[in-house]
Amino acid sequence: MTAAAFLAVALRMTAALLLLAAGWGKWRTPGQFRDNLSATFGVKPRLAAVLAPGIAAAEAVLGFGLFAGGAASQAALAGALLMFAVFTAVVAWKYATEDIVKCSCFGDADRSVSGFDLVRNFAIICGIAFSLALGSSASFGMSWQATICACGVATLFAVVLAYFHEIVMLLLYAKEGVV
Amino acid sequence: MEIGVLYLVLGVLAFGVALSLRLSLAAVDAARHLAAARERQATPPPGEVIPAVMARPLQAGPRKHLAGLGMPSVLLFLSSTCPKCRQKLPELAGYLPQLEAAGLELWLVSREPAWRLRRFLRGSPLAQHALRVSMREYKELNPTMGSPLYLFVDEAGVLQAGGMIGDENWQSFQEQMREIEETREAA
């Protein structure tokens, strides 16, 4: 097993954990995400009421699919890539044209989307594309110890990426108290 | 398993540990700062000349020395990410003619990037009254980074009053603006 193949598996699991976290976050605070869909993204309230749980469910399905391995994972990777690319494009467009963009993408606090969130999403898209490019052969012949190891690395990546905005703000501005 | 994989995992773990150490130290800094912030005043000391800050106009023009504007001025601190600030924009823009009649200047002081500030003020005459300063300078004038905040400064640069928009001093300022408008309309 090469380092690139291991990385591809770790990145696939990172995407899985992020999708599950995003789905769970939206599921936990359904009202907030639904309100943001109507307030920020101009979705009609009735449509938002259907779309909000729909997106959360789609994220959960893709997340579990990514863990499955094999052909199911490849399909889930393609789905996740499309989903992240569309969401990021919509949020980036709103970020460029409006002052206050609330997403609560990870069911997070009531803060506006920042440039760091967009950088984070771009990194996730790159990771998924890398994993997709290496193909399903990447996980072939992986021992269970290696799978656990990849899971651990993926958890580290997922935590850093999910809290990327908070981490960067803490590193840059802790002394100035703008956290 | 290749040795390369082990190196990769160890490398990632080492970076993870370093990052978590750095974040812990940053959290200590943030906590220290928050403890100090409790004793900090929301404005520079009243009755004294405000900190010397050079500000760049959002639109073309020479830099301005905020403590030496030479005219009594109202300095406003608004943020594009505060919904309350956006609601205040039309009211504030409405004061511009009265302020001019009364021989006062109004300046909106911001630390935000020019593109964000332009977008925030698009279509508002306040864009011509916007000044940009660095984060350090902004914090000298607005130590707790409050918004919407105002400072009333006299012609010598001495702070007469300051606080959050909507407080007692601000209400008497609103009253004065209304009186000036009524006098102007009567004339």
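Everything quoted here is computed from the prediction, not taken from an experiment.

Participant: Is there a simple way to explain the interface of chain B and chain A in this structure?
Facilitator: By a widely used convention, the size of an interface equals the accessible area lost when the partners come together. Each side of the interface is counted separately: chain B has 29 residues, and chain A has 27 residues. Between chain B and chain A, the buried area comes to about 2400 Å², and carbon and sulfur atoms account for 69% of it. Of all residues in chain B, Val12, Leu23 and Arg119 of chain B bury the most surface against chain A, accounting for 19% of the area lost on that side. At the surface where chain B touches chain A, the tally comes to two salt bridges. Between Asp99 of chain A and Arg86 of chain B there is a salt bridge, with the nearest N and O atoms lying 2.1 Å from each other. On the surface where chain B and chain A come into contact, there are six residue pairs in polar contact (both at pLDDT 80 or more).

Participant: Help me out: how do you make sense of the pattern of salt bridges in this one?
Facilitator: Side-chain pairs of opposite charge can arise where the charged atoms are in close proximity. All names here are of chain A. Under the definition given, this model contains 10 salt bridges over all chains. When the shortest N-O distance is used, the salt bridge between Glu166 and Arg111 registers 3.3 Å. Of this pair, Glu166 sits in helix 7 (residues 164-173) while Arg111 sits in the loop between helix 4 (70-97) and helix 5 (115-134), placing them 55 residues apart in sequence.

Participant: I keep staring at the packing of helix 6 (residues 144-162) of chain A against helix 1 (residues 3-37) of chain B and nothing clicks. Help me out?
Facilitator: Geometry of a packed helix pair, given as the angle between the helix axes and the separation of the axes. Running from N to C, helix 6 of chain A and helix 1 of chain B point in directions that differ by 35°, and their axes come no closer than 11 Å. Of the two elements, helix 6 of chain A crosses helix 1 of chain B, and the hand of that crossing is left-handed. Listed contacts from helix 1 of chain B to Cys149, Val153, Leu156, Phe157 and Val160 of chain A of helix 6 of chain A are Val9, Val12, Gly16 and Leu19 of chain B. Broken down by class, the residue content of the contact of helix 6 of chain A with helix 1 of chain B amounts to eight nonpolar, one polar and no charged.

Participant: Can you walk me through unusual backbone geometry in this structure?
Facilitator: Trans is the prevailing form of peptide bonds, just as negative phi is the prevailing case for residues other than glycine. Residues and elements named next belong to chain B. The linkage connecting Ser147 with the following residue, Pro148, adopts the cis geometry, with an omega of 0°. Within the secondary structure layout, Pro148 lies in the loop between helix 5 (135-141) and strand 6 (149-153). Look at Met145: it is not a glycine, yet its phi comes out positive at around 55°. Along the chain, Met145 falls in the loop between helix 5 and strand 6.

Participant: Looking at this structure, I do not really get the pairing of strand 6 of chain B. What am I missing?
Facilitator: Side chains on a regular strand alternate between the two faces of the sheet. Residues and elements named next belong to chain B. By the criterion of burial, strand 6 is predominantly enclosed, with five of the five residues buried. Alternating positions in strand 6 separate into two faces, Leu149, Leu151 and Val153 on one and Tyr150 and Phe152 on the other, with burial throughout. In this sheet, strand 6 lies alongside strand 3 (residues 73-77) in antiparallel orientation, the contact comprising five bridges. Paired with Phe77 across the two strands is Leu149, which belongs to strand 6. Inspection of the sheet shows strand 6 paired to strand 7 (residues 159-164) by five bridges, in the antiparallel sense. Directly across from Phe152, in strand 7, lies its bridge partner Ala161. Linking strand 6 to strand 7, which pair antiparallel, is a turn of five residues; within it Gly157 sits at a positive phi near 85°.

Participant: I keep staring at a negative patch on the surface and nothing clicks. Help me out?
Facilitator: A contiguous patch of negative charge on the surface is contributed by Glu179, Glu181, Glu182 and Glu185 of chain B. Here Glu181 of chain B is to be found in helix 6 (residues 168-186).

Participant: I tried to follow the packing of helix 4 of chain A against helix 5 of chain A on my own but got confused; where do I start?
Facilitator: Residue and element names in this part refer to chain A. At a minimum axis distance of 9 Å, the contact between helix 4 and helix 5 shows a crossing angle of 160°. Viewed along their axes, helix 4 and helix 5 adopt a mutual orientation that is roughly antiparallel. Classified by chirality, the crossing of helix 5 by helix 4 is left-handed. The residues of helix 5 that touch helix 4, namely those facing Gln74, Leu77, Ala78, Ala80, Leu81, Phe84, Ala85, Thr88, Val91, Ala92 and Tyr95, are Gly115, Leu118, Asn121, Ile124, Ile125, Ile128, Ala129, Ser131 and Leu132. Each residue belonging to the contact of helix 4 with helix 5 can be placed in one class, and the counts come to 15 nonpolar, five polar and no charged.

About the cut-offs
- Residues numbered from 1 in each chain as written.
- Chains lettered and ligands numbered in written order.
- Predicted model: local features only at pLDDT ≥ 70, side-chain atom pairs only at ≥ 80, totals over all residues.
- Heavy atoms only, no water.
- Contact = heavy atoms within 4.5 Å.
- Buried area = accessible area lost by both parts, 1.4 Å probe.
- Salt bridge = Lys/Arg side-chain N within 4 Å of Asp/Glu carboxyl O.
- Polar contact = N/O pair within 3.5 Å; in protein donor to acceptor, adjacent residues only side chain to side chain.
- Helix = DSSP H or I, 4+ residues; strand = E, 2+ residues; numbered from the N terminus.
- Axes fitted to C-alpha atoms, helices over the stretch in contact; angles between N-to-C directions.
- Left-handed = near helix turned anticlockwise from the far one by under 90°.
- Nonpolar A, V, L, I, M, F, W, Y, C, P; charged D, E, K, R; others polar.
- Buried < 20%, exposed > 50% of the residue type's maximum accessible area, 1.4 Å probe, protein only.
- Pairing = 2+ DSSP bridges.
- Patch = residues over 30% accessible without salt bridge, like charges linked within 9 Å, V, L, I, M, F, W, Y side chains within 5 Å.
- Areas by Shrake-Rupley, 256 points an atom, 1.4 Å probe, with all protein chains shown as cover.
- Lys, Arg positive; Asp, Glu negative; His and termini not counted.
- Charge placed at Lys NZ, Arg CZ, Asp CG, Glu CD.
- Parallel < 35°, antiparallel > 145°, perpendicular 65-115°, else oblique.

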